[in-house]
Amino acid sequence: MDDGIQRHRWIITAEKLAEYHGDDGGQVETLSEFEGTREEAERALEQAACTMAVGTFLQERRRLVYRQLDGSYLVRCTGRMGGWHTRVVRAAHLVRDSAAKDAG
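All values reported here derive from a predicted model rather than from experimental measurement.

Student: Please clarify how helix H1 (residues 38–51) should be interpreted in this entry.
Tutor: Because each turn of an α-helix spans 3.6 residues, side chains separated by three or four positions in sequence point in the same direction. Between its first and last C-alpha, H1 extends 20 Å over 14 residues, near the 20 Å set by a 1.5 Å rise per residue. For H1, the complete set of buried residues consists of Ala-41, Leu-45, Ala-48 and Ala-49. Across the axial projection of H1, the buried residues extend over an arc of 95°, all falling on one side. Those residues of H1 that are exposed and aimed more than 90 degrees away from the buried face are Arg-43 and Thr-51. Where H1 is buried, its residues touch strand S1 (8–16), strand S2 (28–36), strand S3 (60–67), strand S4 (73–79) and strand S5 (82–93).

Structure follows, in structure tokens:
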């Protein structure tokens, strides 16, 4: 059934930013993949930023969630032992799949 609503394949990722000199940062983790509308993806992105686990052993004391101008989120958490753990959370929709068969 075509109801005129565009549904896409979405992926939500979190990229670790370098926390201190010598930290490599740049590690990207997939938080979720799903099919949905842009509005559903925006809600899932905000939910992920507010609830994702930032560190395995982090006893989270505080979480700051910033919405950036490009629509991504910057998440900063501090733990019981101090120090900030920072992630950038983004959503993207699939625009090409080389494994998909051409329809014509």
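Student: Honestly, the pattern of salt bridges in this entry has me stumped. Any pointers?
Tutor: Pairing between side chains of opposite charge can happen when their charged atoms approach one another. Inspection of every chain in the model, using the stated rule, returns 5 salt bridges. Residues Glu-40 and Arg-7 are paired through a salt bridge, measuring 3.4 Å at the closest nitrogen-oxygen approach. One end of the pair, Glu-40, is in helix H1; the other, Arg-7, is in the segment before S1, and 33 residues separate them in sequence. Owing to a relative accessible area of 30%, Glu-40 belongs among the partly exposed residues under this scheme. Glu-33 is paired through a salt bridge with Arg-9; the nearest N and O atoms lie 3.9 Å apart. Of this pair, Glu-33 sits in strand S2 while Arg-9 sits in strand S1, and the two are 24 residues apart along the sequence. Assessed through its relative accessible area of 37%, Arg-9 is described here as partly exposed.

Scoring rules and cut-offs
- Residues numbered from 1 in each chain as written.
- Predicted model: local features only at pLDDT ≥ 70, side-chain atom pairs only at ≥ 80, totals over all residues.
- Heavy atoms only, no water.
- Helix = DSSP H or I, 4+ residues; strand = E, 2+ residues; numbered from the N terminus.
- Expected span 1.5 Å × (residues − 1).
- Buried < 20%, exposed > 50% of the residue type's maximum accessible area, 1.4 Å probe, protein only.
- Arc of directions from axis to C-beta.
- Contact = heavy atoms within 4.5 Å.
- Salt bridge = Lys/Arg side-chain N within 4 Å of Asp/Glu carboxyl O.

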